[in-house]
Amino acid sequence: MAAHLSSGRVNLTALREAGRRELREFLDKCAGSKAIVWDEYLTGPFGLIAQYSLLKEHEVEKMFTLKPGRLPQADVRNIIFFVRPRLELMDIITDNVRREDRGRSPQRDFHILFVPRRSLLCEQWLKEQGVLGSFIHREQYSLDLIPFDGDLLSMESESAFKECYLENDQTSLYHAAKGLMTLQALYGTIPQIFGKGDCARHVANMMIRMKREFPGSQNSIFPVFDTLLLLDRNVDLLTPLATQLTYEGLIDEIYGIQNTYVKLPPEKFAPKKQGEGGKDLPTEPKKLQLNSAEELYAEIRDKNFNAVGSVLSKKAKIISAAFEERHHAKTVGEIKQFVSQLPHMQAARSSLANHTSIAELIKDITTVSCYCIGFYSFPTASEDFFDNLTVEQEFMSGIDTDKVNNYIEDCIAQKHSLIKILRLVCLQSVCNNGLKQKVLDHYKREILQTYGYEHILTLNNLEKAGLLKLQTGGRNNYPTIRKTLRLWMDDVNEQNPNDISYVYSGYAPLSVRLAQLLARPGWRSIEEVLKMLPGPHFEERQQLPTGLQKKRQHGENRVTLVFFLGGVTYAEIAALRFLSQMEDGGTEYVIATTKLINGTTWIKSLMEKLEPAPF
């Protein structure tokens, strides 16, 4: 079931199993039949730890979504609330408990499981509402790092960036440190720690302090990881703003991947039957799980989208040839062999059909075309995608970053999506180390007049986060950083890449370039550039017990855990996987993050949902 978690250099099944064990232990404390009331946000992350079958084994008979009002009918002994520690959720739970029919027989017991930590504030709130005494068990479930794939872990903390950089709230950093402690308990102490940024420094300090305060945490497990690299998201604000151009990155940009699942328009997935035309097309979105358990997806997910078509075409020929083999099977043995391979071949054909459909959906949006009426030609979604990409790439290569951009003005005039506008304006600001007063004021005025003055708080948040800022007297460091770190490559090879810049068709993610240079030749070679980037850079060493020092075999790669504090994109993940697969790379990467993000979800997390006052 979770074979893809053990396929990499680090077997992440052990982490998943630890999470399942903790869940089973809690469920067994609540003796008898159970119904779980879910905070809806938690259902996706929990689905990666335990399926319904595991819950059923521990007498979970019903599951409901947490919402105000009376709880649905359920003939069970226990009601368990699985919730994040948020006051607005405590109000709903209070309402649920108060509406419970106390006259019913037998009485139901209430329990609450806080994820990832118990909250005194929430418990005090429940006490003030007079319902705290109704809960027999009040416990916490440490869902810190969730294994998404064989080399990918996420905390799925949707507000981590906003908390750290806008609200100065270090809760998510504490959870990151706890998650790293759990990892080290399972996979051994990580001897070397490198970091860049204020949040990275905080996490390293918390982790070292936890190790000191709990001497028992020093285990005798041979270390699996050689190095931990902690990176603040605000060290590289540029990368998430740009449009990802890998297959997986584009799926996320266009449709959004949630906890490894994507929902797609159903039309392309309808079975084509002769003579039925467009009759009875499905209306429900097509839901697919995307991870390396699927052979074809593992092969194409990290490729630049322009290289995906040829792979799918090649696969189609191989599968077609494999099915043709049945005509050549003459003996009983040959027929038996063909039949034994049939399930795998059918799964491969189904997988190919799905990814061909997804590629067609993406191609419709990304490949330039336009339609004509009379003498007039009208831009399509694909032409707009191309224009948007052109402007992004001009900014990233340092062209026209210091003046008002015509394309952005046109998009505002045509009232394109506000998030799209904010991504472009922030990208221009980051690439120019801030905007001139005149340019910044012009953009702000245009945005507020077109989209509404309630967005002034969002603009303020973007300024606080450093995404949108005024250019002060200092020089623009971006051209120096771009040249020294080779962030822009003119001769990028999308089909057979030789550099990480293929993931953005020219732009090499700054964060990944830092990881690459740390491995070889080391950060001392870029000391001056590191000083230009926000926050301190540092190195720590954790002492290993005698006998656990690693003696590397000849040709054995180092294993580095890269932890992105504030979010990571699928394009950055693809770039790190590319480095892992380089023959002379010498390092394999495992990626951890507070949240999997793209430019849209990232900007959305910083927007204030302020309703205009009714008049």
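Along each chain, residue indices are assigned from 1 in the same order as the chain's sequence is written. Residue-level local features of this predicted model are given only where pLDDT is at least 70; pairs of side-chain atoms are given and counted only at 80 or more, and the full residue set underlies all totals for whole chains, interfaces and linings. Side-chain measures were taken over the full set of non-hydrogen atoms in the model, leaving aside hydrogen atoms and water.

Engineer: Which parts of the structure should I look at to understand the overall build of the protein?
Structural biologist: Strands are runs of DSSP state E lasting at least two residues, helices are runs of H or I lasting at least four, and both sets are numbered from the N terminus onward. Scanning the protein for helices and strands turns up 23 helices and 17 strands. Taken over C-alpha atoms, the radius of gyration comes to 26 Å for the protein, in line with the 25 Å a tight globule of 615 residues would show. Classification of residues uses two cut-offs on accessible area relative to the type maximum, computed with a 1.4 Å probe and protein chains only: under 20% is buried, over 50% is exposed, and between them is partly exposed. By residue count, 52% of the 615 residues in the protein fall in the buried class. Any two residues whose heavy atoms approach within 4.5 Å at even a single point are treated as in contact. Expressed as a percentage of contacts within the protein between residues at least 6 apart in sequence, the contacts between residues at least 24 apart total 78%. Method for areas: the Shrake-Rupley scheme with a 1.4 Å probe, in which residue coverage is limited to the protein chains shown. Approximately 29300 Å² of the protein is accessible, and the part contributed by carbon and sulfur atoms is 51%. It is over C-alpha atoms that the radius of gyration is taken, and the globule rule equals 2.2 Å times the number of residues to the power 0.38.

Engineer: Please explain the nonpolar core as it appears in this structure.
Structural biologist: Within soluble globular proteins, side chains that are nonpolar generally end up buried alongside one another. Phe82, Leu230, Leu467, Leu514 and Phe563 are the most contacted members of the largest nonpolar core, which has 166 residues in total. Of all the elements, helix 16 (residues 418–431) adds the most residues to this core, at ten residues. Not counting the four nearest positions on each side in its chain, phenylalanine 563 is found in contact with Leu145, Met155, Ala176, Leu180, Leu228, Leu229, Leu230, Leu231, Ala592, Thr593 and Thr594. Residues belong to one nonpolar core when they are buried, are Ala, Val, Leu, Ile, Met, Phe, Trp, Tyr or Cys, and are joined through side-chain atoms within 4.5 Å. Membership of the second largest hydrophobic core comes to 23 residues, among which are Ile79, Ile92, Phe110 and Phe114.

Engineer: Just to check I follow, could you spell out the packing of aromatic side chains for this structure?
Structural biologist: For any pair of aromatic rings, geometry is given as the distance between the ring centres together with the angle between the planes. Two rings from Phe, Tyr or Trp (for Trp, the six-membered ring) form a pair when their centres sit within 6.5 Å of each other. Planes less than 30 degrees apart are called stacked, planes more than 60 degrees apart edge-to-face, and all others tilted. Evaluation of the coordinates by the stated rule reveals 16 aromatic pairs. Their ring planes at 65° and their centres at 5.5 Å tell us that tyrosine 504 and tyrosine 507 sit as a pair that is edge-to-face. With relative accessibility at 0%, the residue tyrosine 507 sits in the buried group. By the ring-pair criterion, three or more aromatic residues cluster together here, those being Phe26, Trp38, Phe46, Phe82 and Tyr141. The rule is short: NZ of Lys or CZ of Arg within 6 Å of the ring centre and within 35 degrees of the ring normal puts a charge over the ring. Stacked on the ring of phenylalanine 538, the Lys or Arg arginine 201 has its end atom at 4.1 Å from the ring centre. Lying across the ring of tyrosine 261, lysine 287 places its NZ or CZ 4.8 Å from the centre.

Engineer: What exactly am I supposed to notice about the domain arrangement of the protein here?
Structural biologist: Often the size quoted for an interface is simply the accessible area lost on bringing the parts together. Residue ranges assigned to each domain were obtained from an automatic or database domain assignment. Here the domain parsing of the protein yields domain 1 (3–143), domain 2 (144–237 + 493–614), domain 3 (254–272 + 282–366) and domain 4 (381–475). For domain 1 versus domain 4, the separation of C-alpha centres amounts to 43 Å.

Engineer: Can you walk me through the sheet that holds strand 1 (residues 34–38) in this structure?
Structural biologist: By definition, the strands of a sheet pair up through backbone hydrogen bonds, in either a parallel or an antiparallel sense. The parallel open sheet is built from five strands, whose spatial order is 2-1-3-4-5. Bordering the open sheet on either side are strand 2 (60–65) and strand 5 (135–140), each of which pairs with just one other strand. If you compare each strand with its neighbour and ignore which way they point, the axes differ by 20° on average. Two elements, strand 4 (residues 109–114) and strand 5, share five bridges in a ladder whose sense is parallel. Here the rule is simple: two strands pair whenever DSSP picks up at least two bridges between them. To obtain each axis, a line is fitted to C-alpha atoms, and for helices this fit is confined to the stretch in contact; angles are then taken between N-to-C directions over 0 to 180 degrees.

Engineer: Looking at this structure, I do not really get helix 16. What am I missing?
Structural biologist: Given 3.6 residues per helical turn, the α-helix brings residues three or four places apart onto the same face. Helices are assigned an expected span. That span is 1.5 Å times one less than the residue count. Taking 1.5 Å per residue as the helical rise, helix 16 with its 14 residues ought to reach 20 Å, and the 20 Å between its terminal C-alpha atoms agrees with that figure. Among the 14 residues in helix 16, 14 count as buried, and that is most of the element. The N-cap of helix 16, judged by a side-chain oxygen 3.3 Å from the amide nitrogen of isoleucine 419 a few residues on, is serine 417. For the purposes of these results, a polar contact is taken to be a pair of N or O atoms within 3.5 Å, where, inside protein, one atom must be able to donate a hydrogen and its partner to accept one; residues adjacent in sequence count only when each atom of the pair is a side-chain atom.

Engineer: Just to check I follow, could you spell out the sheet that holds strand 12 (residues 286–289) for this structure?
Structural biologist: One open sheet accounts for three strands, arranged 10-11-12; its pairing is antiparallel. A strand with exactly one partner marks an edge of an open sheet, and here the two such strands are strand 10 (257–258) and strand 12.

Engineer: Would you mind going over helix 2 (residues 40–47) with me for this structure?
Structural biologist: Those residues of helix 2 not exposed but buried are Leu42, Pro45 and Phe46. Seen from one end, helix 2 has its buried residues packed into an arc of 100°, which puts them on one side. Among the structural elements, helix 1 (13–29), strand 1, strand 3 (78–83) and strand 6 (146–149) are those in contact with the buried residues of helix 2. Think of the arc as the fan of directions from the helix axis to the C-beta atoms.

Engineer: Quick question: what am I supposed to make of the state of the cysteines here?
Structural biologist: One way to say it: the disulfide is the covalent bond shared by the sulfur atoms of two cysteines. Cysteine sulfur atoms are paired as a disulfide whenever they come within 2.5 Å of each other. Taken as a whole, this structure holds zero disulfides when the rule is applied. Of all cysteine sulfurs in the structure, the one in cysteine 199 sits closest to cysteine 164, which takes part in no disulfide; the separation is 4.3 Å. For cysteine 164, a relative accessible area of 15% corresponds to the buried category.

Engineer: Could you clarify how one ought to interpret unusual backbone geometry in this entry?
Structural biologist: Excluding glycine, residues mostly have negative phi values, and the peptide bonds linking residues are mostly trans. Omega for the bond connecting valine 115 with proline 116 falls within 30 degrees of zero, at 5°, which places this linkage in the cis form. Each neighbour pair has its own omega, and for arginine 520 with proline 521 the value is 10°, a cis peptide bond. By the secondary structure assignment, proline 521 is in the loop between helix 20 (510–519) and helix 21 (527–532). One non-glycine residue, glutamate 59, adopts positive backbone phi at about 65°. Mapped onto the elements, glutamate 59 comes out in the loop between helix 3 (52–57) and strand 2. Given a relative accessible area of 40%, glutamate 59 falls into the partly exposed group.

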